[in-house]
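Okay, here's what each chain looks like letter by letter:
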Amino acid sequence: MIRKILLAAAFSAVSLVAVGQQVTLTGAGSTFAYPLYSKWAANFKQVNGNVQINYQGIGSGGGIRQVSTGTVDFGGTDGPMNDAQLADAKSKLHTDILHFPTALGAAVPIYNIPGVSGDLNFTQDALAGIFLGKITKWNDPYIQSANPKVKLPASNILVVHRSEGSGTTYMWADYLSKVSPEWKSKIGVGSAISWPVGIGGKGSEGVAGLVKQTANSIGYVELVYAVENHINYGNVRNSAGNFVKASLSSVSAAAAGAAKNMPDDFRVSITDAPGAQTYPIASFTWMLVPRSVPDKTKAAVLKQFLQWGITTGQNDCEPLTYAKLPREVVAKEEAAIKTLQY
Amino acid sequence: MSFAERLRKGDEAAYLVTLISALTIVLITVLLAQHLWSNSVLARQKFGFHFLTSSTWDPLSGNFGALPFVYGTLLTSFISLLIAVPVGIGAAIFLSELAPRGISNALTFLVELLAAVPSVIFGLIGIFVLVPMLNVVIPPIAAHLSFLPIFGGSFFGVSYLTAGLVLSIMIVPFIVSISREVLMAVPTAQREAMMALGATKWDVTWRSVVPYARRGIIGSIFLALARALGETMAVTMVIGNVPEIHASLLSPGYTIAAVIANEFAEASEDLYLHALIEMALVLFVVTMIVNASARLLMLTAGIREIRE
């Protein structure tokens, strides 16, 4: 009897190995990219049926941490790794971590001013002033002058920001630090920062909820969130001096504008990018992969997945309200993928 | 083997099994404390005791202090107890002593259902129902009471008070459910003896039944307090998440559990992560101190009663 069971066990083990060209890739990180990577994981199965991809949206910080220690095969982040983090990862993994942009997102200002409907225009100075706490009334000349047709009230502005560490906050702070030297020196750029004014809402729904319920408030949310929930949002003046409403195409334009000066490691901020129709508060979301992977089958699959994601996979972006990578960036990434030592 | 002997053996087995269960709890607590201690080493070395007295929380410059969070945690828990204890005990007395059995059972079922609602639901109710209501109700009241520091400043809907209110709704079921059980467990003889002396129904309840069940009721309040101190999701959605200390209950604030939940996922610097883990250590210690002092309070109250 026991022999029979052993035999059966050995048999099933053999059969598992036989089917066993199954490769599992695990990834973790950015919650912003989670819907996209999940969709990719499902669609990639039609390209290579032996691959199972698991991506966990644990936050960009967690993604950087896990890919740096080799716990996962790839990471996802909304803010690029800094030099110290890259050096730290290299000492642990004995290989470089590379950044590959996979899609784009944007952050938009949302507000609730009783008696004001329609889109407000925000200049760089107005946004920086409001979020630094220097502009405190809605009828401040900095805001009023950009909106001559709107009658703004003399009410106090309440700033609402994200309470948790978030890629959206990273984008917002990155933009403000580019247009305001004071923000750059006093506050800085990060996914969680020390806010000079305002209250924190938990998640996009928390920020949107607080803005909706509090008169004379202003906050920021991801473009995806505003579009899907039919929340009205304001126009932001770009570096060319035009007021632009965020849309998938104006966000892609930001990436195209930045593509000419794209560094080889793709760690580039595209906030306040050049271009007449460019929306200025946008960012890539990156996939993080090690330059060399010891497991050859895994390496081949990872490379195939990455190549597929930046080409065919881009068709999944717009239905999920991500902006597509512009052609210039894809071409540059394809060249970079060839340098992977897989 | 005689029957007595086997029984003795069974006793020993039971003793061992229960001992292991008890030790497991001790072990988990010790491991937890050890883990928090060793994973917060960077922050402890850099800030020392200054961590507890500093009000700065700046992840970018790597400056961390716990004071506003400790303050917010204690204040919101205190507000929630202030509301939940009278309501909870009142409801428990009604359900166990005064209400007809059918109504009591139905209401108890509802109360226990309330305890099973996930905290994020309370948070969402807080932000989408309670906050708009408070935005209408609070400002006129606060206008009359603004001479009191605890009602000063402007009100945005999210505040210590809002968080305390949401917490009180969350902890009331614990107090009601446990207090009702212990009140119902009071021996009938207690009630009959008091009635024989000619006491009214309320006299019997208030002077005989409630004092007899006092220990259990206080236990239920401890459990509720522990839940309030550690509650994360519901609080972070309605407190405003501002690391500042304000005397006014209408101001936004922050709690320890909320900041850990908010910032842990995105913390990529080692020092930042260690500071957040030290926050967990602080919460651990705060919970122990609050529980110990509450127990001490009970103990001294008990002694006084015996002397009387």
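Everything numeric in this text was worked out from a predicted model, so none of it was measured.

Undergrad: Quick one: what's the story with the overall build of chain A, residue by residue and with numbers?
TA: Scanning chain A for helices and strands turns up 13 helices and eleven strands. By its C-alpha atoms, chain A is 85 × 45 × 35 Å across when sized along the principal axes. Burial statistics for chain A: of 342 residues in total, 56% are counted as buried. Considering only contacts within chain A whose residues lie at least 6 apart along the sequence, 74% involve residues at least 24 apart. For chain A, the computed accessible surface area is about 14200 Å², with 55% contributed by carbon and sulfur atoms. Averaging the locations of the 29 positively and 23 negatively charged side chains of chain A gives two centres separated by 3 Å.

Undergrad: Which residues make up the nonpolar core, and what values do they have?
TA: Residues Phe 74, Leu 127, Phe 131, Trp 138, Ile 218 and Phe 284 of chain A are the most contacted members of the largest nonpolar core, which totals 178 residues. The dominant element in this core, judged by the number of residues it contributes, is helix α13 (residues 270-307) of chain B, at twelve residues. Those residues in contact with Ile 218 of chain A that sit more than four places away from it in its chain are Ile 110, Tyr 111, Phe 122, Leu 127, Ile 130, Phe 131, Trp 138, Ile 157, Leu 158, Val 159, Val 160 and Val 211 of chain A. Val 72, Met 81, Ile 97 and Leu 288 of chain A belong to the second largest nonpolar core, which has nine residues in total.

Undergrad: An account of the pairing of strand β1 (residues 23-29) of chain A is needed here, citing residue identities and associated values.
TA: On any regular strand, side chains alternate: one points to one face of the sheet, the next to the other face. Residue and element names in this part refer to chain A. Where burial is concerned, most of β1 is hidden: five out of the seven residues are buried. Chirality of the crossover, the property in question, places the unit of β1, helix α2 (residues 34-44) and strand β2 (residues 51-56) among those that are right-handed. Where β1 and strand β3 (residues 74-77) come together, three bridges link them in parallel fashion. By the bridge assignment for β3, Gly 27 is matched with Phe 74.

Undergrad: Tell me about the environment of Asp 58 of chain B, residues and numbers included.
TA: Structurally, Asp 58 of chain B is set in strand β1 (residues 57-58). Among the residues examined, Asp 58 of chain B registers a relative accessible area of 14% and is labelled buried. Along the backbone, Asp 58 of chain B and Tyr 272 of chain B are 214 residues apart, and their C-alpha atoms lie at a distance of 9.3 Å. Setting aside residues no more than four positions away along its own chain, Asp 58 of chain B makes contact with Ser 194 of chain A together with Asn 63 and Phe 64 of chain B. Engagement of the side chain of Asp 58 of chain B in a polar contact is seen with the backbone nitrogen of Leu 60 of chain B, the distance being 3.1 Å. A distance of 3.0 Å separates polar atoms of two side chains, one belonging to Asp 58 of chain B and the other to Ser 61 of chain B.

Undergrad: Go over the pattern of salt bridges with me, naming the residues and quoting the values.
TA: A side chain with one charge can pair with a side chain of the opposite charge if their charged atoms come near. Tallying each qualifying case throughout the model produces 16 salt bridges over all chains. Arg 65 of chain A serves as the salt-bridge partner of Asp 270 of chain B, at 3.4 Å between the closest nitrogen and oxygen. Of this pair, Asp 270 of chain B sits in helix α13 while Arg 65 of chain A sits in helix α3 (residues 60-68), each in a different chain. For Asp 270 of chain B, a relative accessible area of 40% puts it in the partly exposed group. Since its relative accessible area comes to 27%, Arg 65 of chain A is described here as partly exposed.

Undergrad: Can you explain the interface of chain A and chain B? Please cite residues and give values.
TA: The accessible area lost on association of the parts is a frequent measure of interface size. Taken together, the contact pairs 33 residues of chain A with 30 residues of chain B. In total, chain A and chain B occlude about 2400 Å² of area from one another, counting both sides; carbon and sulfur atoms represent 53% of this. For the pair chain A and chain B, the number of links is one salt bridge. Put simply, the parts of the chain that give the side of chain A that touches chain B at least two residues each are α3, β6 (158-162), β7 (199-201) and α9 (203-213) of chain A. Per element, the largest residue contribution to the side of chain A that touches chain B is five residues, and it comes from α9 of chain A. Class assignment for the residues of the side of chain A that touches chain B results in eight nonpolar, 21 polar and four charged.

Undergrad: Lay out unusual backbone geometry in plain terms, naming residues and giving numbers.
TA: Residue and element names in this part refer to chain A. Within the chain, Asn 216 stands out as a residue other than glycine whose phi angle is a positive 65°. Relative to the elements of secondary structure, Asn 216 occurs in the loop between α9 and β8 (217-222). Of note in this structure, His 230 is not a glycine but carries a positive phi near 55°. Assignment of secondary structure puts His 230 in the loop between α10 (223-228) and β9 (235-237).

Undergrad: Break down the pairing of β8 of chain A for me, citing the residues and quoting the values.
TA: Residues and elements named next belong to chain A. For β8, the tally of buried residues reaches six of six residues, placing the bulk of the element in the interior. Relative to β8, β6 runs parallel, the two sharing two bridges. Bridge pairing in β8 links Leu 158 to Ser 217.

Undergrad: Any details on the domain arrangement of chain A? Residues and values, ideally.
TA: All names here are of chain A. Entries for chain A in the domain assignment read domain 1 (2-105 + 262-271 + 279-337) and domain 2 (106-253). On a C-alpha basis, the centroid separation for the pair domain 1 and domain 2 is 32 Å. Facing 21 residues of domain 1, the contacting portion of domain 2 comprises 26 residues. Summed over both sides, the interface of domain 1 with domain 2 buries roughly 1900 Å², with 68% coming from carbon and sulfur. If you sort the residues of domain 1 by the area they bury against domain 2, Tyr 279, Ile 281 and Thr 321 come out on top, with a joint share of 41%. Viewed at the interface, domain 2 and domain 1 are joined by zero salt bridges.

Undergrad: Could you give an account of the confidence of the model for chain B, with specific residues and numbers?
TA: Residue and element names in this part refer to chain B. Confidence along chain B averages 90 in pLDDT terms, with 96% of residues attaining 70 or more. For chain B, the element scoring lowest by mean pLDDT is α13, at 83; helix α4 (residues 67-98) scores highest, at 95. Reported confidences for the modelled complex are a pTM of 0.83 and an ipTM of 0.81.

Undergrad: Outline α3 of chain A, supporting the account with residue identities and numerical values.
TA: All names here are of chain A. Burial within α3 is extensive, with seven of its nine residues counted as buried. Here α3 has its buried residues at Ser 60, Gly 61, Gly 62, Gly 63, Ile 64, Val 67 and Ser 68. Buried residues belonging to α3 abut β1, β3, α4 (83-93), β4 (97-112) and β11 (282-290). Just downstream of α3, Gly 70 is the residue with a positive phi angle, here 75°.

Conventions adopted
Residues numbered from 1 in each chain as written. Chains lettered and ligands numbered in written order. Predicted model: local features only at pLDDT ≥ 70, side-chain atom pairs only at ≥ 80, totals over all residues. Heavy atoms only, no water. Helix = DSSP H or I, 4+ residues; strand = E, 2+ residues; numbered from the N terminus. Buried < 20%, exposed > 50% of the residue type's maximum accessible area, 1.4 Å probe, protein only. Contact = heavy atoms within 4.5 Å. Areas by Shrake-Rupley, 256 points an atom, 1.4 Å probe, with all protein chains shown as cover. Lys, Arg positive; Asp, Glu negative; His and termini not counted. Charge placed at Lys NZ, Arg CZ, Asp CG, Glu CD. Core = buried A, V, L, I, M, F, W, Y, C linked by side-chain atoms within 4.5 Å. Right-handed = clockwise from strand over helix to strand, strands pointing away. Pairing = 2+ DSSP bridges. Polar contact = N/O pair within 3.5 Å; in protein donor to acceptor, adjacent residues only side chain to side chain. Salt bridge = Lys/Arg side-chain N within 4 Å of Asp/Glu carboxyl O. Buried area = accessible area lost by both parts, 1.4 Å probe. Nonpolar A, V, L, I, M, F, W, Y, C, P; charged D, E, K, R; others polar. Domains from an automatic or database assignment. pLDDT = per-residue confidence, 0-100.

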